[in-house]
Amino acid sequence: MIGFFLLGMQGFLPGDTARHHRAVILDLLQEALTEAGLTSQDIDCIAYTKGPGMGAPLVSVAVVARTVAQLWNKPLLGVNHCIGHIEMGRLITGATSPTVLYVSGGNTQVIAYSEHRYRIFGETIDIAVGNCLDRFARVLKISNDPSPGYNIEQMAKRGKKLVELPYTVKGMDVSFSGILSFIEDVAQRMLATGECTPEDLCFSLQETVFAMLVEITERAMAHCGSQEALIVGGVGCNLRLQEMMETMCQERGARLFATDERFCIDNGAMIAQAGWEMFRAGHRTPLSDSGITQRYRTDEVEVTWRD
Amino acid sequence: MQAPGDGADGADGADGAQILDDGAGGATGSAGSSSGPGNPGGRDGTATSGTVAGEAPQVEGASPAPRQGGEASASASASGEASEKQVLEFALTVPFLCYVDAELTYQYLTSSAECYHEAVHTELTVIGSDLFIRLTAEDPVLLQISTASLLNQLSMVVQTMQHLVPAIFSRPRPGKGG
């Protein structure tokens, strides 16, 4: 997250992010080995993020992963980032077969497992919910420290007025670009006229977008007959989202699973966890197929490690 | 030994040959020229992976001027005599100290096709312990971007090899390249 602070109000820029990764990755690798008390001989396989995501940063890490795999003569495993979140969530919470709400700055999907695939039942048709929140934070010049989403959440707790915002659910899918455009247009005017406070806008935005997510998750749970829901991804840290999801689950007699920021936010351990599952199931990524895929769909992976 | 310096990413563009700063050794190359080493006729098929058994690769800053024995020439685009569809070229020779190092780097770069725009033609060849790299394209911007991407990856491969096999790289190397 170092890059997030340094980039100020721009968000993650691929070039700068890639440069950051290249600058720290080898020292980080060595530090991880040292802290774990391991050597290359103790490593079973090398897992890296194959996608989805920004191309330059993905390549920066894939370079090292491939080179390390060749130098150490270890199997290589290209992992889907979304599946990394799911497998980490399942591991940490113990959820067996949940309907997954995956919400982050780059992805918004409702996923359920069926016949060796993580099927996407619903998703955003434009921007991710985290992206919507982050860009809204820029409109109000909300600090990035520690993260815009966290600061929106804290401000929302002090909101008192619900401002009506565009609510866009299209079947199983959601759309956030409209609500973002709307709030970008009206925010300054409403604040200037005293119609509402920044806290009211934060509160209203959260209530609206989270309600949309709860709706499509519940619809997927009803379709699948699922009694478990799991929230993963950075936006999953939001306690208000967890609270709204919990209410929905209770009404359905279902159980909600969620993690804290250690496991919600992107982390290397989740890639390792998914890679480990893949390795044990016999997956191997040949060098010829070890590129990165910016648009790597969750349902492209054959999940052979589950029944 | 210092690894090649960081280059530009994405649309920032870079003069690929000049991204390489003082580093581990020598590399010849030129940017923007209309001719280069071409295909020296070396092996460029798939090879088995290997571990680093030799010494450190040597990559030094590439001069924009043609080197002794090099086939690169000044950019034809600057001459004013270019045809309408001029093919621009970036060529680089990276002398590694053993075949295994060159082969490992070759295998990595050949599997990174997604990083090069489809309009940029990439040729990679290993002859002995030298890795020949040649990128050609009609669009100078695309060529510049692909060159920067390739050099970034080359830099990371070399840095990774240096980092993980320090004992080998700490041995004094005979003068080679440059």
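Chain B is annotated in an unreviewed UniProt entry as L antigen family member 3 of Puma concolor. The annotation that UniProt attaches to chain B under Subunit (unreviewed entry) is "Component of the EKC/KEOPS complex composed of at least GON7, TP53RK, TPRKB, OSGEP and LAGE3; the whole complex dimerizes." UniProt, in the comment section headed Sequence similarities (unreviewed entry), describes chain B in these words: "Belongs to the CTAG/PCC1 family."

The name recorded for chain A in an unreviewed UniProt entry is N(6)-L-threonylcarbamoyladenine synthase, from Puma concolor. Taken verbatim from the UniProt record of chain A, the Sequence similarities (unreviewed entry) comment is "Belongs to the KAE1 / TsaD family."

Engineer: Describe the packing of aromatic side chains, naming the residues involved and giving the relevant values.
Structural biologist: How two aromatic rings sit relative to each other is set out by the distance from centre to centre and by the angle between their planes. Residue and element names in this part refer to chain A. Applying the stated criterion across every chain yields a total of two aromatic pairs over all chains. Between Tyr-113 and Tyr-118, the aromatic rings sit 5.6 Å apart at their centres with planes inclined by 65 degrees, giving edge-to-face as the arrangement. Classification of Tyr-113 by relative accessible area gives buried; the value is 14%. On the basis of an interplanar angle of 25 degrees and a centroid distance of 5.9 Å, the ring pair of Trp-276 and Phe-279 is categorised as stacked. Here Trp-276 and its partner Phe-279 are both found in helix H11 (residues 268-280), three residues apart, which amounts to about one turn of the helix. The ring of Tyr-113 has Arg-306 lying over it, and the distance from NZ or CZ to the ring centre is 4.1 Å.

Engineer: If you had to explain the environment of Ser175(A) to someone new, which residues and values would you point to?
Structural biologist: Residues and elements named next belong to chain A. Relative to the helices and strands, Ser-175 is located in the loop between strand S7 (173-174) and helix H7 (177-192). What makes Ser-175 buried here is its relative accessible area of 9%. Spatially, the C-alpha atoms of Ser-175 and Ile-127 are 7.1 Å apart, while their sequence positions differ by 48 residues. Those residues within four positions of Ser-175 in sequence are excluded, and the remaining contacts are Ile-125, Asp-126, Thr-168 and Met-212. Here Asp-126 takes part through its side chain, which lies 2.5 Å from a polar atom of the side chain of Ser-175.

Engineer: Summarise the UniProt feature "binding site: substrate" (unreviewed entry) in chain A; cite the residues concerned and give the values.
Structural biologist: All names here are of chain A. In this numbering, the UniProt entry assigns the feature "binding site: substrate" (unreviewed entry) to Tyr-102, Val-103, Ser-104, Gly-105, Gly-106, Asp-134, Gly-149, Glu-153 and Asn-238. Looking at the secondary structure, you find Gly-105 in the loop between strand S3 (99-103) and strand S4 (108-114). When residues no more than four places from it in sequence are discounted, the contact partners of Gly-105 are Ala-128, Gly-130 and Asn-131. Inspection of the secondary structure assignment puts Gly-149 in helix H6 (residues 148-156). Here Gly-149 falls in the partly exposed class, since its relative accessible area comes to 23%.

Engineer: An account of the pairing of S4(A) is needed here, citing residue identities and associated values.
Structural biologist: Residues and elements named next belong to chain A. Across the seven residues that make up S4, a large majority, six, are buried. The pairing of S3 with S4 spans four bridges and is antiparallel. Of the residues in S4, the one forming a bridge with Val-103 is Thr-108. Across six bridges, the pairing between S4 and strand S5 (residues 117-123) is antiparallel. The partner of Ser-114 across the bridge, within S5, is Arg-117. Counting the residues between successive antiparallel strands, the hairpin from S4 to S5 contains two residues, one of them, Glu-115, with a positive phi of roughly 50 degrees.

Procedures and definitions
- Counting of residues starts from 1 at the beginning of each chain's written sequence and follows it residue by residue.
- Here every chain gets a letter starting at A, and every ligand a number starting at 1, in the order they are written.
- Local features in a predicted model are, by the rule used here, given only for residues with pLDDT of at least 70; side-chain atom pairs are given and counted only at 80 or more, and totals for whole chains, interfaces and linings are based on all residues.
- Side-chain figures throughout are based on the complete set of non-hydrogen atoms in the structure, without hydrogens or water.
- UniProt positions are given in the numbering used here, feature names are shortened, and annotations may be inferred rather than shown by experiment.
- What counts as a ring pair is set by centres within 6.5 Å for rings of Phe, Tyr and Trp (its six-membered ring), and what kind of pair is set by the plane angle: stacked under 30 degrees, edge-to-face over 60, tilted for all other angles.
- The buried label applies to any residue whose accessible area, calculated with a 1.4 Å probe on protein chains only, is under 20% of its type's maximum; exposed applies above 50%, and partly exposed to all values in between.
- Numbering goes from the N terminus for both helices and strands, where a helix is a DSSP run of H or I of at least four residues and a strand is a run of E of at least two.
- Here, a charge over a ring is recorded when the distance from Lys NZ or Arg CZ to the ring centre is within 6 Å and its angle to the ring normal is within 35 degrees.
- Residues are treated as being in contact if the distance between any of their heavy atoms lies within 4.5 Å.
- In the analysis that follows, any N or O atom pair within 3.5 Å is treated as a polar contact, provided that within protein one partner can donate a hydrogen and the other can accept it, and provided that, for residues neighboring in sequence, both atoms belong to side chains.
- Strand pairing follows a simple DSSP-based rule, namely that at least 2 bridges must link the two strands.

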